[in-house]
Amino acid sequence: MAKTRHSESEGNARNLRKKRNAFPLHRLPPDVLSSILSQLPFKEAVQTSVVSRNWRHLWRYYPELILTREMMLGSSATGDHPASNAATFIGRVNSIVGQLSSVSATLNKFVVKFPLLLSDSDHIDRWVSLSAASRARCIVLDLSPKFSTERNARYSFPLHLFSGSCVKSLCLGYVSLKLPPSLRGFTNLKKLSLHMVSITGDLQDLLPECNVLEWLTLTDCSLHPYLIIRQPLQRLWYLRVLRCRLQKLELQAPNLTEFEFTNYPVPFVLGDCLKMSMASIILLSPLHAFGYVCTELPNALPHVQDRLYISLKIRTETREFVKGSSVFTNLRHLNLKVDIVGCPQTGTGVLQLACLLELAPLLEELELHMYYRETPMYNCNLDETTAPSLHKRLRAVHMTGFYGIRGQIELARHILRSTVALERLIVDPKVRVPRGLLPHQFNDSPFSGVGRVLARRFLATRDFPDTVITIL
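What you see is a predicted model, and the numbers here were worked out from it, not measured in a lab.

By the criterion of burial, strand 13 (residues 258-263) is predominantly enclosed, with 5 of the 6 residues buried. Sheet topology note: the strand 11 (residues 238-242)/strand 13 ladder contains 5 bridges and is parallel. Across the sheet, the residue bridging to Leu239 is Phe259, located in strand 13. Relative to strand 15 (residues 278-283), strand 13 runs parallel, the two being bridged by 6 bridges. Following the sheet pairing, Asn263 is matched in strand 15 by Leu283.

This is how it looks when you write it as structure tokens:
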């Protein structure tokens, strides 16, 4: 009996020593706890609350709050009951936000992604207030509807809560912004992304104070048609403006390296962007836009170096245009996506694309992806009376959507005749533009077959022995 009591006493002593030597994780400083928990996914950080009574609230020190449909609803979310899903999402988010608000949480990142309405403003206000009070550096509030055709009233984002704050990245989707002239700038903001945002006021009142802004994205936004920022954005290196129905874009960004612009053909000025490496221009105009490409783009983007992507529509019929004096001084790779409309027996409009070789004297690679929307008709009476200007640097050309209409054949032969260093020409009769841009049940097999035959006839290797011609 005495031996049993002694062994129990020793066991209790060992347990007591273990408790005394146990690592008191919950007593660590909040910044250390935040660093440790950040190594776990959010769900696993929350699951630590069931390990011990002392760990019940450790998850509150998690540095990121990611509230998305997948995170909050998981597999229970269905598209058949959007109102029920929204109510469940709001309830669960309110529970989390309520617990965090009680401990004055500090967050590095705050994300809410769920399609919500103006009628949910009371809940959203509470969440946004938490993000401001927690001094979150990265804030994402994306309330975009599932389908872009939906047009519900937008939540009004309280921009004044963050004025002059420590926010470094602000991404907003499907909200409204009111920019008063007296708004203080975001002096620490490096990234601003706005998607489907209705903007009242002038961005000129916000952006000039963003002295360290590096990334600016505006997609499908409703804003003043003249986007003019007069004060230089010295740190800006990435700019994307898509489908904002602008009539003019003007800003000074001397260190801009990447630029994407989807709009109707309008004037734009970016200043002397000597470091521009990539630009993408998608022209929405249903009209013949080649004159704009040859005059406005070299003037606006003279220094683009590595890659220029242009999507436009041209007509086969001749359209006179005055070629500007500016050129793409350093451009090495040109990628064109061209919708061709008009009579297939007239080729001058397509042949005009050859002018781009004169506008890019250092061009080395040319990709030309064509899509002819009409039923092809064939006319083999080619016009080769014009003597081409010689291009000394072009080494490779890749043409797709080659149906063999007159303008395509004339253009291919013009390129072969005008280049002294061309090593390879690849001709692919199949249309290679994104499927989303093609009609339903698109089938170009009959036309591509004819294009292949005509390519072999008019682009024979024996006529151009210095170039490897591959017809797919």
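The subject of this paragraph is the pattern of salt bridges. Counted according to the given criterion, the structure contains 10 salt bridges. The partner of Arg307 in a salt bridge is Glu367, and the shortest N-O contact between them spans 3.9 Å. With Arg307 in strand 16 (residues 307-315) and Glu367 in strand 18 (residues 365-372), this pair connects stretches of sequence that are 60 residues apart. We classify Arg307 as partly exposed; its relative accessible area is 34%. It is possible to trace a salt-bridge network through shared partners that takes in Glu364, Glu365 and Arg395.

The sheet built from 3 strands is open, its strands ordered 4-6-8 with parallel pairing. Each edge of the open sheet is held by one strand with a lone partner, namely strand 4 (155-156) and strand 8 (198-200).

Let's shift gears to helix 10 (residues 406-418). Taking 1.5 Å as the rise per residue, helix 10 with 13 residues should run 18 Å; its terminal C-alpha atoms sit 18 Å apart, in good agreement. The buried fraction of helix 10 is high, at 12 of 13 residues. Every buried residue belonging to helix 10 is among Arg406, Gly407, Gln408, Ile409, Glu410, Leu411, Ala412, Arg413, His414, Ile415, Leu416 and Ser418, and all of these are buried.

Here the focus is a positive patch on the surface. Positive charge collects at one region of the surface, where Arg135, Arg137, Lys168, Lys190 and Arg235 lie side by side. You can see Lys168 is positioned in the loop between strand 4 and strand 5 (169-173). Taking the relative accessible area as the measure of exposure, Lys168 reaches 38% and is therefore partly exposed.

Let us now look at the sheet that holds strand 10 (residues 226-229). In spatial order, the strands read 10-12-14; together these 3 strands make up an open sheet with parallel pairing. In this open sheet, the two edge strands, each paired with only one partner strand, are strand 10 and strand 14 (268-269). By the bridge criterion, 2 bridges tie strand 12 (residues 248-251) to strand 14 in an arrangement that is parallel. Bridge pairing links Leu249 to Phe268 in strand 14.

What you tend to see is this: most non-glycine residues have negative phi, and most peptide bonds are trans. The phi torsion at Tyr174 lies on the positive side, around 55°, for a residue other than glycine. The topology assignment puts Tyr174 in the loop between strand 5 and strand 6 (175-178). For Tyr174, a relative accessible area of 2% puts it in the buried group. Its identity as a non-glycine residue notwithstanding, Met196 has a phi of 55°, on the positive side. By secondary structure assignment, the location of Met196 is in the loop between strand 7 (191-195) and strand 8. Overall, Met196 belongs to the buried group, its relative accessible area being 7%.

Rules used in this analysis
- Residues numbered from 1 in each chain as written.
- Predicted model: local features only at pLDDT ≥ 70, side-chain atom pairs only at ≥ 80, totals over all residues.
- Heavy atoms only, no water.
- Buried < 20%, exposed > 50% of the residue type's maximum accessible area, 1.4 Å probe, protein only.
- Helix = DSSP H or I, 4+ residues; strand = E, 2+ residues; numbered from the N terminus.
- Pairing = 2+ DSSP bridges.
- Salt bridge = Lys/Arg side-chain N within 4 Å of Asp/Glu carboxyl O.
- Expected span 1.5 Å × (residues − 1).
- Patch = residues over 30% accessible without salt bridge, like charges linked within 9 Å, V, L, I, M, F, W, Y side chains within 5 Å.
- Areas by Shrake-Rupley, 256 points an atom, 1.4 Å probe, with all protein chains shown as cover.
- Lys, Arg positive; Asp, Glu negative; His and termini not counted.
- Charge placed at Lys NZ, Arg CZ, Asp CG, Glu CD.

Remember, this is a structural readout, not a statement about activity or role.
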